[in-house]
Amino acid sequence: DLTGGFSDNWGGSHSISSFSWTSGSSIFHILDFDNDANWAVAQNDSANSWSPDLFSKFEWTTDSDGAWYYCQSAYDAATEEDAMAATADANDLAAGCGGFGWSEVRTSLDLTGDFTDNWGGSHSISSFSWTSGSSVFHILDFDNDANWAVAQNDAGNSYNPSLFSKFEWTTDSDGAWFYCQSAFDAPTTEDAMAVIADVNDLAAGCGGFGWSELTSAVTE
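Everything numeric in this text was worked out from a predicted model, so none of it was measured.

Enquirer: Just checking my understanding: could you explain the state of the cysteines for this structure?
Expert: What makes a disulfide is a covalent bond joining the sulfur atoms belonging to two cysteines. All told, the structure shown has two disulfides when counted by the stated rule. The disulfide partner of Cys71 is Cys97, and the S-S distance across this bridge is 2.1 Å. Handedness of the Cys71-Cys97 disulfide follows from its S-S torsion of about 85°: it is right-handed. With Cys71 in strand E7 (residues 68-77) and Cys97 in the loop between helix H1 (80-85) and strand E8 (103-107), this pair connects stretches of sequence that are 26 residues apart. Accessibility assignment for this pair places Cys71 and Cys97 in one class, buried. The partner cysteine of Cys180 in its disulfide is Cys206, sulfur to sulfur 2.1 Å.

Rendered as structure tokens:
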């Protein structure tokens, strides 16, 4: 049920299939799973930095709003059977994962990672937040097909704290990424959603200004 590319609320990345669960640089080879009971047991890859060749158990659930959460309820079990015996409390998302909170996971934004823009600004983007310089925007909803995200401005932002923003993104004919913060001080999420940038005018379609080009900040 939980298959694809995801980000978690701690900034981690996950790639999940019926064969493996990759979390950051760690790989867990799935041995057995149950989509009805929402668990998978895996053997840790021998090259993992932590607990290589031991066994893990992953459990997942949704909350009342349909958001996905997971718990790695076992991570250093000596045997597959020991991993199976571990059980998280799906009724306690705040502390039911071995005394810790379950981690929320969301489908990754198409535009995910660290970037610089053509004005010298820095951006760190996930499906949970868009950080632009020192300003943080907490993503409430997004659509990878329509290329937009609506967010609430952090209460500590210097400009428009606690109001709402909309980010839109696209690529040009060469595949370069561009974004527009088409709303930045909307009083409600609905007001932010109503703002639409002109994706066909990268020169002036962002509220009369040009869209900003984004370049990956990752270096080889």
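Enquirer: What should I look at first to understand the environment of Tyr159 in this one?
Expert: Inspection of the secondary structure puts Tyr159 in the loop between strand E13 (148-153) and strand E14 (164-171). On the basis of relative accessible area, Tyr159 is assigned to the exposed category, the value being 67%. Distance from Tyr159 to Phe137, taken between C-alpha atoms, is 11 Å for residues 22 residues apart in sequence.

Enquirer: Explain the sheet that holds strand E12 (residues 135-143) here, please?
Expert: Sheet strands pair via backbone hydrogen bonds, and the direction of the pair is either parallel or antiparallel. If you trace the eight strands once around the closed barrel, you get E9-E10-E11-E12-E13-E14-E15-E16, paired in antiparallel fashion. In this sheet, neighbouring strand axes are inclined to one another by 35° on average, regardless of whether the strands run parallel or antiparallel. The pairing of E13 with E14 spans five bridges and is classified as antiparallel. When the sheet's bridge partners are listed, Ala149 is paired in E14 with Phe167.

Cut-offs and rules
Residues numbered from 1 in each chain as written. Predicted model: local features only at pLDDT ≥ 70, side-chain atom pairs only at ≥ 80, totals over all residues. Heavy atoms only, no water. Disulfide = S-S within 2.5 Å. Helix = DSSP H or I, 4+ residues; strand = E, 2+ residues; numbered from the N terminus. Buried < 20%, exposed > 50% of the residue type's maximum accessible area, 1.4 Å probe, protein only. Pairing = 2+ DSSP bridges. Axes fitted to C-alpha atoms, helices over the stretch in contact; angles between N-to-C directions.

Treat this as a map of the structure, not an account of what it does.
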